[in-house]
Amino acid sequence: MNTLRLAPRCLARPVNTLSSTPRTQLPLPNTHLLHPAAASQQVRHRSWFGWGSKKDEDLQKPSAESRSLKELLKASPKTTNNVVPQLERGGLSKSSIFGDEEAAPASGKEKAAQTLSDKEYIAIVDPTRAYAWTWPQRFEARQHHRRGRLTKKMQILQTEKSHTAKSHWIKTSVKKLAPLARQVAGMTLNDAIVQMRFSPKKASSELLGHLTDARAEAMLRRDMNPDEMYIDQAWVGRGTYEKELSHRARGRIDMLRKPYTSITVVLKEEATRKRLAKEAAEKVARKKVWVQLPNKPIPGQQQYYQW
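No experiment lies behind these values; they were computed from the predicted model shown. (Residues numbered from 1 in each chain as written. Predicted model: local features only at pLDDT ≥ 70, side-chain atom pairs only at ≥ 80, totals over all residues. Heavy atoms only, no water.)

Trainee: For this particular structure, what's the right way to read the overall build of the protein?
Mentor: The number of helices and strands found in the protein is 14 helices and three strands. Residues classed as buried in the protein amount to 17% of the 307 residues present. For the protein, the share of sequence-separated contacts (at least 6 apart) that also reach a separation of at least 24 residues comes to 63%. Here the protein displays about 27500 Å² of accessible surface, and carbon together with sulfur accounts for 55% of that area. (Helix = DSSP H or I, 4+ residues; strand = E, 2+ residues; numbered from the N terminus. Buried < 20%, exposed > 50% of the residue type's maximum accessible area, 1.4 Å probe, protein only. Contact = heavy atoms within 4.5 Å. Areas by Shrake-Rupley, 256 points an atom, 1.4 Å probe, with all protein chains shown as cover.)

The structure is reproduced here in structure tokens:
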């Protein structure tokens, strides 16, 4: 007769013991002493049939994440390589034939290099350098030759004021801006501002702003009187070009050149205009009266022929 046989381990454990008796607590490693990352790695580690097993020493070693910031900075190559090595000057060996010679005394140039700065040393050794500023010496030499007398230009600069102002690059051509420059040249500054304010030209608004800024600069930097200013000179300068594409028929593209132009004005006061008018009147007064037959000696007045 066939009988049912059960395994002995299944018969040894009763059914009600699973809920009554507690399970055996297995000893776990001290995970609170390790870094959370290392602890999680140790808990998740499992070995299947001996493959991938790790030693306990490898699990207990702290990883790079568990190391403190100070330790990482100490071990980093950037902090260790920043130390500048101390250079030591070498010398002659005992067996050298130059060991008994005494050090040569320093020359005049070497002594100057030890006491003077680099710029002063270069100025002494090579005074013909391009960046050596020798204008004060040259001016003093010229004044010595002139015996302290000032030139006419120096006297004018001491008594009269002037200011030169250049505008920004205006997006217009020389052909359009030059007529405005000729219009304001010779006018008083206030009259020129009024003319540009009511001018129908498109570039007049840019010139109006430039004249206003030039007046403010002259008042601030040169201490000039705005009621006595006039425009002595005005000229325009050609600038760079801006390229722009123009799409045409049949897929063709033309290249447009948008010009930029600047205008420069020279502001002076009425004192300069009065001086120029006086000099022009004196020049006319010095001019001799024109005659049909000038009073000059007639050459060749001899008693006999000279052939």
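What follows picks up the thread again.
Trainee: How should I be thinking about the packing of helix α12 (residues 189–197) against helix α13 (residues 204–221) in this particular structure?
Mentor: The relative placement of two packed helices comes down to the angle between their axes together with the axis-to-axis distance. It is the contact of α12 with α13, at a shortest axis distance of 8 Å, that shows an interaxial angle of 155°. Classified by the interaxial angle, the pair formed by α12 and α13 is roughly antiparallel. In this structure, the crossing between α12 and α13 has a hand that is left-handed. From α12, Leu189, Asn190, Ala192, Ile193, Met196 and Arg197 reach across to α13, where they touch Ser204, Leu207, Leu208, Leu211, Thr212 and Arg215. (Axes fitted to C-alpha atoms, helices over the stretch in contact; angles between N-to-C directions. Parallel < 35°, antiparallel > 145°, perpendicular 65-115°, else oblique. Left-handed = near helix turned anticlockwise from the far one by under 90°.)

Trainee: What exactly am I supposed to notice about a nonpolar patch on the surface here?
Mentor: A cluster of nonpolar side chains, namely Leu245, Ile253 and Met255, defines an oily patch on the protein surface of about 310 Å² accessible area. Looking at where Leu245 falls in the secondary structure, it is placed in strand β2 (residues 229–247). (Patch = residues over 30% accessible without salt bridge, like charges linked within 9 Å, V, L, I, M, F, W, Y side chains within 5 Å. Salt bridge = Lys/Arg side-chain N within 4 Å of Asp/Glu carboxyl O.)

Trainee: Any chance you could explain the pattern of salt bridges here in plain terms?
Mentor: Oppositely charged side chains can pair when the atoms bearing their charge come close. The tally for this structure, following the rule as stated, stands at eight salt bridges. Measuring nitrogen to oxygen at the nearest pair gives 2.9 Å for the salt bridge that ties Asp254 to Arg248. The salt bridge partner of Glu270 is Arg273, with a shortest N-O separation of 3.7 Å. Taken together, the residues Glu270 and Arg273, both in helix α14 (residues 270–286) and three residues apart, mark about one turn of the helix. Residue class for Glu270 comes out partly exposed when judged on its relative accessible area of 22%.

Trainee: How should I be thinking about the packing of aromatic side chains in this particular structure?
Mentor: Working definition: an aromatic ring pair is given by the centre-to-centre distance plus the angle between the planes. Applying the stated rule across the entire model yields zero aromatic pairs. The ring of Tyr241 has Arg257 sitting right over it, with the charged end atom 4.0 Å from the ring centre. Its end group placed over the ring of Tyr230, Arg273 keeps NZ or CZ at 4.0 Å from the ring centre. (Phe/Tyr/Trp six-rings, centres within 6.5 Å; stacked < 30°, edge-to-face > 60°. Lys NZ or Arg CZ within 6 Å of the ring centre and 35° of its normal.)

Trainee: Teacher, can you tell me more about the side chain of Glu269 here?
Mentor: Positionally, Glu269 belongs in strand β3 (residues 253–269). Here Glu269 sits buried without a salt bridge, and the closest side chain of opposite charge, Lys161, lies 5.0 Å off (N-O distance). Polar side-chain contacts of Glu269 include one of 3.1 Å to the backbone nitrogen of Asn225. In this structure Glu269 touches Lys161, Met224, Asn225, Glu228 and Tyr230, once residues within four positions along its chain are discounted. (Lys, Arg positive; Asp, Glu negative; His and termini not counted. Polar contact = N/O pair within 3.5 Å; in protein donor to acceptor, adjacent residues only side chain to side chain.)

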